[in-house]
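# Survey of secondary and tertiary structure
One letter stands for each residue in the lines below.
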Amino acid sequence: MAVALGPFGWWRRWRRRLSAREVSRMLLLLLLLGSGQGPRQVGAGQTFEYLKREHSLSKPYQGVGTSSSSLWNLMGNAMVMTQYIRLTPDMQSKQGALWNRVPCFLRDWELQVHFRIHGQGKKNLHGDGLAIWYTKDRMQPGPVFGNMDKFVGLGVFVDTYPNEEKQQERVFPYVSAMVNNGSLSYDHERDGRPTELGGCTAIVRNLHYDTFLVIRYVKRHLTIMMDIDGKHEWRDCIEVPGVRLPRGYYFGTSSITGDLSDNHDVISLKLFELTVERTPEEEKLHRDVFLPSVDNMKLPEMTAPLPPLSGLALFLIVFFSLVFSVFAIVIGIILYNKWQDQSRKRFY
């Protein structure tokens with residue numbers, strides 16, 4: 001006579017034939033597949049992506065900006081809301097930023113940014129936009145969309161207000177990118193045109209559907225794409241080969257308002273590690289660099305600053321300087337006395 005095993009009876013019978021280690025491996029695999037955190041193939045090539053939680057942010061934003069154990073810091077007027085993090089409110093003269101506390105040492109990566117820009121301003125009476133950063137320094141307020149000028153690293157700007165009145169060839173909002181080794185200033189009066197790597201128009205204000213931006217850095221190749229049409233499709237915006245970015249920099253996003261304003265909201269930041277096959281020749285060509293640069297683009301040369309002296313080194317320098325000074329004074333006194341003795345002998 002057949003015995004009903006119930007909905008989980010098959011699992012109990014099968015589990016008897018498996019070892020404890022095999023059962024634990026199967027459960028771990030099911031958890032990874034169920035949570036969506038396993039590797040995922042990207043494109044037709046041998047490229048896989050892995051979500052890096054230490055560099056990612058999504059709802060709920062527990063402890064962000066308030067807990068010492070949080071992986072993200074808030075700065076300025078940025079505030080945590082239930083459904084988003086507001087970098088700046090729709091008010092004049094505000095600036096805010098959100099920075100990851102963990103430096104990124106990935107060689108190839110992709111950052112997906114879910115954001116929203118909206119406000120009461122009509123036509124061109126709104127501003128100024130937001131920026132996404134991968135830079136050496138973090139939590140440094142300044143005039144470039146709320147971050148410091150002459151930064152070191154990569155900046156991607158979603159500029160919503162045209163400062164250059166005479167230009168008519170581009171439509172705002174406008175997305176552009178800039179690589180800096182610390183020697184260049186962002187030209188606000190010309191909307192960053194002298195130093196931009198490329199750009200595209202992106203109508204992102206006051207939309208009723210989600211807007212996304214993705215920054216992909218693979219094999220020294222920088223690609224920026226947008227999903228702003230409500231079709232869940234990526235649209236090419238910027239593509240630049242030969243971009244050399246050091247590892248160990250920080251991800252962040254910032255915004256600023258002046259006489260004009262907007263709400264600048266970030267819903268999520270998701271960083272994926274991309275695993276890419278490389279030939280031995282590519283491994284030789286893609287060694288680590290110490291300053292950002294772009295092939296075929298001349299940047300003013302910058303030397304790495306000298307590390308600050310330790311307390312012991314400073315003490316030794318002061319100590320030996322004093323010893324040398326005392327020694328020089330003693331030698332001077334001895335020579336002076338000998339000169340006086342010789343003068344007296346000549347006199348007598």
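As the structure is a computational prediction, the values presented were derived from the model and not from experiment.

What counts, and at which threshold
- Residues numbered from 1 in each chain as written.
- Predicted model: local features only at pLDDT ≥ 70, side-chain atom pairs only at ≥ 80, totals over all residues.
- Heavy atoms only, no water.
- Disulfide = S-S within 2.5 Å.
- Helix = DSSP H or I, 4+ residues; strand = E, 2+ residues; numbered from the N terminus.
- Buried < 20%, exposed > 50% of the residue type's maximum accessible area, 1.4 Å probe, protein only.
- UniProt positions renumbered as here; feature names shortened; annotations may be inferred.
- pLDDT = per-residue confidence, 0-100.
- Contact = heavy atoms within 4.5 Å.
- Pairing = 2+ DSSP bridges.
- Axes fitted to C-alpha atoms, helices over the stretch in contact; angles between N-to-C directions.
- Salt bridge = Lys/Arg side-chain N within 4 Å of Asp/Glu carboxyl O.

This brings us to the state of the cysteines. One way to say it: the disulfide is the covalent bond shared by the sulfur atoms of two cysteines. Applying the stated criterion to the full structure yields one disulfide. What pairs with Cys200 in a disulfide is Cys237, and their sulfur atoms sit 2.0 Å apart. Torsion about the S-S bond of the Cys200 and Cys237 cystine: about -100°, corresponding to left-handed handedness. Placement of the pair is Cys200 in strand β11 (residues 198–201) and Cys237 in strand β14 (residues 235–240), with a sequence separation of 37 residues. Taking relative accessible area as the criterion, Cys237 reaches 14% and is therefore assigned buried.

With numbering aligned to this structure, UniProt lists the feature "transmembrane region" (unreviewed entry) at residues 312–336. The span residues 312–336 is 100% helical and 0% strand by assignment, and the distance between its end C-alpha atoms comes to 36 Å.

Caution is warranted with low-pLDDT regions, since their predicted coordinates should not be read in detail. Here the protein chain averages 84 in pLDDT, while 81% of its residues score no lower than 70. The model gives residues 10–18 a pLDDT under 50, and that stretch makes eight contacts with residues more than four places away or in other chains. Counted against residues more than four places away or in other chains, residues 27–36, with its pLDDT under 50, gives two contacts.

On the basis of which strands lie adjacent, the open sheet formed by seven strands has the order β3-β6-β16-β8-β9-β10-β11 and antiparallel pairing. On the outer flanks of this sheet lie β3 (72–76) and β11, each paired with one strand and no other. Going across the sheet, the axis of each strand differs from the next one's by a mean of 15°, ignoring polarity. Sheet topology places strand β8 (residues 129–135) next to strand β16 (residues 250–256); six bridges connect them, and they run antiparallel. Within β16, the position partnered with Ala131 by the bridge is Ser254.

Our next topic: the pattern of salt bridges. All told, the structure shown has twelve salt bridges when counted by the stated rule. With its nearest N and O atoms 2.6 Å apart, the salt bridge here joins Glu110 to Arg216. Here the residue Glu110 occupies a position in strand β7 (residues 109–118), and Arg216 occupies one in strand β12 (residues 211–218), the gap between them amounting to 106 residues. Among the ionic pairs, Asp229 bridges to Arg235, the shortest N-O distance being 3.8 Å. Given a relative accessible area of 40%, Asp229 falls into the partly exposed group.

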